[in-house]
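Residue-level structural notes
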Amino acid sequence: MPTEQQIRDAWAEHRPYLIDMAYRMLGDIGRAEDVVQEAFQRLSQSDFDAIEDARGWLIVVTSRLCLDVIRSARHRREEPVGDRELRVQAEGATSDLADPADRVTLDDGVRLALLVVLERLAPAERVAFVLHDIFGLPFETVAATVGRPEATCRQLARRARLKLETPDGGRRAVITPHEHRVVTERFIAACANGNFADLLAVLDPDVTGGVDLRPGLVVHGAEHVARNLVHFWGWGASLVSLPVLDNACVLAFAERDVAALFSLTITGERISKVHVYAAPEALAFLRDRVLLHAS
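Residues numbered from 1 in each chain as written. Predicted model: local features only at pLDDT ≥ 70, side-chain atom pairs only at ≥ 80, totals over all residues. Heavy atoms only, no water.

**Looking at helix α1 (residues 4-26)**
Put simply, the rule is: The helix count covers DSSP runs of H or I at least four residues long, the strand count covers runs of E at least two residues long, and both are numbered beginning at the N terminus. Take the number of residues in a helix, subtract one, and multiply by 1.5 Å to get its expected span. Bend, in this description, refers to the angle at a residue between axes fitted to the seven residues ending there and the seven starting there.
Here α1 spans only 29 Å end to end across 23 residues, well under the 33 Å set by a 1.5 Å rise per residue. By the largest-angle criterion, His14 marks the main kink of α1, which is about 50°, and a proline, Pro16, follows within four residues. The first or second residue beyond α1 is Gly27, which carries a positive phi of 70°.

Structure (structure tokens):
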């Protein structure tokens, strides 16, 4: 049995990544937090010393739990969270945001809402696609999760890609570029744990930061931006990535309710601009259109 300190260390190190991964499979922050909690509960009851790679072990357990949730929802013929409303509202949606530029930025996220795209995939296809194509995990891990040979998992991912192709042959934007994925993961881990040093490492020295609540205020420099991020978001918020065409976006949840949207501009291997949408009208827009509240 692991010690309490071992579980706490694993929680701090791996939970942000697992929440992001589970959310990308389930599209519901409450269910994502629940399955990750269950994965750590199982870790606390395991022979910890016999586990060579705690992160890999947690990835497989969390993914299996997600697969169970997806299959259960299909079995009960439940419609995924927000899917019906999204199909009705996504096209031609308008908002009450004062700044048209803000509305356009948020509309991009709405039109690329996760479950509207991934719902067309069978459960095993969705898990294979998210694990391999989005998170870059090897098919060995995918096979351990879905309980099928690696060759079969490759076919699952391939079928998923074909289903997600657009009529013109392009790929729907459910995958951010690899470089963005790596930087976003580092940002999520550092921000969720309030790790000032890690935030400095992922921010460009000349990064700028702004928030829609104070449109005239722009903060300059990595130390100032990191200090604000740690102050406002380094208290255990659940942060998840959101696929957008040319931008890296991160949703922040508090008490299973959307609390902010981070728009990240990535230059090279660092973030050169952070803009936070946290005004009540912006959050209302996200709740009403993306429907990310817990079920």
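Anyway, onward from the coordinates.
**Section: the confidence of the model for the chain**
Defined as follows: One number per residue, pLDDT, summarises how confident the predictor is, and it ranges from 0 to 100. Only heavy atoms matter for contacts: two residues are in contact if any of them lie within 4.5 Å across the pair.
The predicted model of the chain has a mean per-residue pLDDT of 80, with 76% of residues at 70 or higher. Throughout residues 77-113 the model reports pLDDT below 50, and contacts reaching past four residues in sequence, or to other chains, amount to 57 contacts. Note on residues 291-295: pLDDT under 50 across the span, and 20 contacts to partners over four residues away in sequence or across chains.

**Details of the packing of aromatic side chains**
The following threshold applies: Here is the rule: rings of Phe, Tyr and Trp (six-membered ring for Trp) pair when centre to centre is within 6.5 Å. Planes less than 30 degrees apart are stacked, more than 60 are edge-to-face, and the remainder are tilted. Only protein chains enter the calculation, and the probe is 1.4 Å; a residue is then buried if its accessible area is under 20% of its type maximum, exposed if over 50%, and partly exposed in between. When the NZ atom of lysine or the CZ atom of arginine is within 6 Å of a ring's centre and also within 35 degrees of its normal, the charge is said to sit over that ring.
Tallied over the full model, the rule gives 5 aromatic pairs. A centroid spacing of 5.3 Å and a plane angle of 75° characterise the contact between Trp233 and Phe262, whose relative ring orientation is edge-to-face. With Trp233 in helix α12 (residues 222-233) and Phe262 in strand β5 (residues 257-267), the pair connects residues that are 29 residues apart, well separated along the chain. Across the pair, Phe262 and Trp233 agree in class, each one buried. Put simply, the rings of Phe187, Trp233 and Phe262 pair up and form one aromatic cluster. Here the guanidinium or amino end of Arg181 rests over the ring plane of Phe135, the centre of that ring lying 4.3 Å away.

**Observations concerning the packing of helix α7 (residues 123-134) against helix α8 (residues 139-146)**
Spelled out, the test is: Comment: axis = line fitted to C-alpha atoms, over the contacting stretch for helices; angle = value between 0 and 180 degrees taken between N-to-C directions. Roughly parallel means an angle under 35 degrees; roughly antiparallel, over 145; roughly perpendicular, 65 to 115; everything else is oblique. Should the near helix be turned anticlockwise from the far one by less than a right angle, the crossing is termed left-handed; should it be turned clockwise, right-handed. Three classes are used: nonpolar for Ala, Val, Leu, Ile, Met, Phe, Trp, Tyr, Cys and Pro, charged for Asp, Glu, Lys and Arg, and polar for all others, with Gly counted as polar.
The contact between α7 and α8 brings their axes to 9 Å, and the two run at 150°. Our classification of the angle between α7 and α8 gives roughly antiparallel. Once α7 is placed against α8, the crossing between them reads as right-handed. Each of Ala124, Val127, Ala128, Leu131 and His132 in α7 lies in contact with α8, whose residues at this interface are Phe139, Val142, Thr145 and Val146. Taken together, the residues of the contact of α7 with α8 sort by class into 7 nonpolar, 2 polar and no charged.

**Quick word on unusual backbone geometry**
At Glu255, a residue that is not glycine, the phi angle is positive and equals roughly 55°. Among the secondary structure elements, Glu255 is positioned in the loop between β4 (248-254) and β5. A relative accessible area of 79% places Glu255 in the exposed class. At Arg256, a residue that is not glycine, the phi angle is positive and equals roughly 65°.

**Points about the pattern of salt bridges**
Selection criterion: The term salt bridge refers to a side-chain nitrogen of Lys or Arg lying within 4 Å of a carboxyl oxygen of Asp or Glu.
Inspection of every chain in the model, using the stated rule, returns 11 salt bridges. Close ionic contact of Asp133 with Arg161 constitutes a salt bridge, the shortest N to O distance being 2.6 Å. Of the two residues, Asp133 is situated in helix α7 and Arg161 in helix α9 (residues 150-163); the sequence distance between them amounts to 28 residues. A salt bridge links Arg227 to Glu223; the nearest nitrogen and oxygen atoms lie 3.9 Å apart. With Arg227 and Glu223 both in helix α12 and 4 residues apart, this pair spans about one turn of that helix. With a relative accessible area of 47%, Glu223 lands in the partly exposed category.

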